[in-house]
Amino acid sequence: MSRAAQAVIDLSAIEHNFKLAKSLATAAKAIAIVKADAYGHGAVPVAKRLEPLASAFGVACIEEALELREAGIKAPILLLEGFFTADELPIIAGNNFWTALHSEFQVKVIQEAKLSQPINVWPKLDSGMHRLGLTPVELTSVYQQLQASDNVADIVLMSHMACADELDNQMTKKQLAFFDAAVKGLNSEHSIANSAAILALENTHRQWVRSGLMLYGASPFAVPQDWAEQLKPAMNFTTQVIAVKDVVAYETVGYAASFVCRSKRRIATIAIGYADGYDRHIVNGSPIMVAGQKASIAGRVSMDMVTVDVTGLANVVVGSEVELWGDNLAVEEVAKAADTIAYTLFTGVTKRVPRIYVN
């Protein structure tokens, strides 16, 4: 029998979540973001499930886009970081990839390229994130140059929200006002909304929305939000108990003796660790489900194993199922205990953990 750790991916939940995004932005076309191997859920199976519904897919780089093409995905694919070198452009043109564009250098490369067909480009305005993007003056100049280029087909103007997941943050209003002022007079479609904006900010939907985290059933918000409550978890990350023992009072558990038994405790060891993507920063007292009951982490997460305090829980034996996060324990709750975010936990699940797909 193989090691029990696995990530069961519910493709019907992902489809439900994408349909929710589309229902909230009915006038917009919807891009399914499947970068970083669909946030750890498997880009190819997710894209195959969503292709009949998605107007396009979004990835970080050309390698991720080519993986989808090689798997038979025919829908347009947007390179969210754009291209890095000139030799990518013929590949972009030949595969119906779309490219974000965030520098005048990229414009020059496009103008000078010899392409088999024009490409769709998505110039990105830096509206306040200050990672990638053009200034308003640069955007106007770039837009005019792209319109005049035979190598360019459609143009969509994009930006990215820094604080859309913080519902009361005034940064969002500032970014929107900045974007609207910068694109005034430029006759192109817009794309601004990420998952948080799709769920909570109707005025950001425009002509294109980009659904990422919400596809996988996690809320981008730290507080309850009505539409986020309708999301369905897509990953059930599970393993099994491999040992159970009683530890007397004042003994310690795990590396650095970080958990001290203040009384006699029953400790279960489970087959999971940071080499599987169960974050080492998940600390003593963090929630976990054992045999359908909430338990807590006892001691440090090690490479291949974790110890859990199951004192007082019924029917915990070798072979009992453990849910690390999923239908019964929200990934957001685990992320909070680890002082991180759901994105980190999802994308951190390693290849050592098999993905099992259900419909």
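See the structure shown above.
Asks: Help me understand helix H1 (residues 11-24), please; the structure alone is not making it clear to me.
Replies: Note on helix geometry: an α-helix contains 3.6 residues per turn, so any two residues three or four positions apart are oriented the same way. Compared with an ideal rise of 1.5 Å per residue, which puts 14 residues at 20 Å, H1 spans 20 Å between its outermost C-alpha atoms and is within 8% of the ideal. Looking at the packing, one finds that the buried side of H1 touches strand S1 (6-10), strand S2 (29-33), helix H3 (43-50), helix H9 (195-200), strand S9 (208-211) and strand S18 (355-358).

Asks: Just checking my understanding: could you explain the pattern of salt bridges for this structure?
Replies: Pairing between side chains of opposite charge can happen when the charged atoms of each approach one another. Enumeration over the complete set of coordinates arrives at 11 salt bridges. A salt bridge links Lys294 to Glu333; the shortest N-O distance between them is 2.9 Å. Within this pair, whereas Lys294 is found in strand S15 (residues 293-297), its partner Glu333 is found in helix H10 (residues 331-337), the two being separated by 39 residues in sequence. The class of Lys294 is partly exposed, set by a relative accessible area of 47%.

Asks: Honestly, the nonpolar core in this entry has me stumped. Any pointers?
Replies: Side chains of nonpolar character tend, in soluble globular proteins, to be buried together. Counting residues in each nonpolar core, the largest one holds 120 residues, and the members touching the most others are Phe57, Leu68, Tyr278, Ile288, Trp325 and Phe346. In terms of residues, this core owes the most to one element, H1, which gives 7 residues. What Ile288 contacts, discounting residues up to four positions off in sequence, is Ile270, Tyr278, Gln293, Lys294, Ala295, Ser296, Ile297, Val308, Val322, Glu323, Leu324 and Leu329. Core analysis: the next-biggest nonpolar cluster, separate from the first, contains 6 residues, Val247, Val253, Phe259 and Ile267 among them.

Asks: Explain unusual backbone geometry to me, please; I cannot follow it from the model alone.
Replies: At Ala36, a position not held by glycine, the phi torsion is positive, near 50 degrees. What makes Ala36 partly exposed here is its relative accessible area of 36%.

Asks: Mind showing me how you'd approach the sheet that holds strand S6 (residues 119-123) here?
Replies: Pairing between the strands of a sheet comes from backbone hydrogen bonds, and it takes one of two forms, parallel or antiparallel. The strand order around the closed barrel formed by 8 strands is S2-S3-S4-S5-S6-S7-S8-S9, and the pairing between neighbours is parallel. The average angle at which neighbouring strand axes cross in this sheet is 30 degrees, direction not considered. Against the sheet, helix H4 (residues 62-70) contacts strand S3 (56-59), strand S4 (77-79) and strand S5 (97-101), and its axis sits at roughly 165 degrees relative to S4.

Rules used throughout
Residues numbered from 1 in each chain as written. Predicted model: local features only at pLDDT ≥ 70, side-chain atom pairs only at ≥ 80, totals over all residues. Heavy atoms only, no water. Helix = DSSP H or I, 4+ residues; strand = E, 2+ residues; numbered from the N terminus. Expected span 1.5 Å × (residues − 1). Contact = heavy atoms within 4.5 Å. Salt bridge = Lys/Arg side-chain N within 4 Å of Asp/Glu carboxyl O. Buried < 20%, exposed > 50% of the residue type's maximum accessible area, 1.4 Å probe, protein only. Core = buried A, V, L, I, M, F, W, Y, C linked by side-chain atoms within 4.5 Å. Pairing = 2+ DSSP bridges. Axes fitted to C-alpha atoms, helices over the stretch in contact; angles between N-to-C directions.

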